[in-house]
Amino acid sequence: MTKKRIVITGAPGTGKTSIIIKLEESKFFCFHEVIRTMTQEAKKNDGASPIVSNPIVSVSDPYEFNTKILNARVQQFKDAIHTNSDILFYDRGIPDVLAYMNYFNQPYEDHFISVCKKHRYDHIFLLPPWEEIYVSDGERYESFEQAKEIHLHLLETYTQLGYNCTIVPFGTVEERNGFILNTIV
């Protein structure tokens, strides 16, 4: 069975998680964002400094942290073969790692790019920054202005990797999910 791999991505606070939850309620298989769990673990285990900004820059070894995120997303990609679903949704894709590293001006090796090129998705949905729904929380450290900059890095990174991103219009979760499902059918 050929699996259709679909990424839901966007800057912090754009509604990705709400869309993923709604897709799951509609019985679609969804891979969840790995960084929230990793952030919580880093808060417990990284005694070097408290996390007061994005963990990608706050942990004692940001390169190692990004490598773990990359590997976790690759594992999600590989785990897809064990599902019975032919349509798979991902809360962020592998290229998101590069976009964030670019945003934070962190160097990475060609290996990071190769991994992104090797593990290809079928469709990328990019949620634009939406100030009316943006909320900061214990794992979301960026301001709305920073979220707008991250959005541009996501768009640029995916485009450079040969993807055509579909921008999801503002609306209710149901409207946004309807847009996504109508686009992939």
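For the structure, check the block above.
Colleague: Can you help me understand the overall build of the chain in this one?
Modeller: Along the chain, the regular secondary structure elements total 8 helices and 5 strands. Mapped from its N terminus to its C terminus, the chain presents α and β elements in the order β-α-β-α-α-α-β-α-α-β-α-β-α. The buried share among the 185 residues of the chain stands at 48%. Here the analysis covers contacts within the chain between residues at least 6 apart in sequence; of these, 77% occur between residues at least 24 apart. Of the roughly 9,200 Å² of accessible surface on the chain, 52% is carried by carbon and sulfur atoms.

Colleague: Just to check I follow, could you spell out the sheet that holds strand β1 (residues 4–10) for this structure?
Modeller: For sheets, the rule is that strands pair by backbone hydrogen bonds, running either parallel or antiparallel. The strand order β2-β3-β1-β4-β5 describes an open sheet built from 5 strands, whose pairing is parallel. Each having just a single partner strand, β2 (29–31) and β5 (165–167) make up the two edges of the open sheet. When strand polarity is set aside, the average angle formed by the axes of neighbouring strands in this sheet is 25°. As judged from the 5 bridges shared by β1 and strand β3 (residues 87–91), these two strands associate in the parallel manner. Across the sheet, Lys-4 pairs through a bridge with Ile-87, a residue of β3. Lying over the sheet, helix α7 (residues 144–160) contacts β1, β4 (123–127) and β5, oriented at roughly 165° with respect to β4.

Colleague: Mind showing me how you'd approach the nonpolar core here?
Modeller: Burial of nonpolar side chains together is a common tendency in soluble globular proteins. Counting residues in hydrophobic clusters, the biggest one holds 34 residues, and the most contacted among them are Tyr-90, Ile-94, Tyr-121, Ile-124 and Tyr-158. At the level of elements, α4 (62–79), β3, α5 (95–103), α6 (110–118), β4 and α7 are the ones that each hand at least two residues to this core. Examining the composition of this core, we find that 6 residues originate from one element, α5, more than from any other. Counting residues in hydrophobic clusters, the runner-up holds 12 residues, among them Ile-8, Ile-19, Cys-30 and Ile-180.

Colleague: What's the story with the environment of Thr-2 in this structure? I'm lost.
Modeller: Note on placement: Thr-2 falls in the segment before β1. By relative accessible area, Thr-2 is classed as exposed at 74%. Between the C-alpha atom of Thr-2 and that of Asp-86, which follows or precedes it by 84 residues, the distance is 6.5 Å.

Calculation notes
- Residues numbered from 1 in each chain as written.
- Predicted model: local features only at pLDDT ≥ 70, side-chain atom pairs only at ≥ 80, totals over all residues.
- Heavy atoms only, no water.
- Helix = DSSP H or I, 4+ residues; strand = E, 2+ residues; numbered from the N terminus.
- Buried < 20%, exposed > 50% of the residue type's maximum accessible area, 1.4 Å probe, protein only.
- Contact = heavy atoms within 4.5 Å.
- Areas by Shrake-Rupley, 256 points an atom, 1.4 Å probe, with all protein chains shown as cover.
- Pairing = 2+ DSSP bridges.
- Axes fitted to C-alpha atoms, helices over the stretch in contact; angles between N-to-C directions.
- Core = buried A, V, L, I, M, F, W, Y, C linked by side-chain atoms within 4.5 Å.

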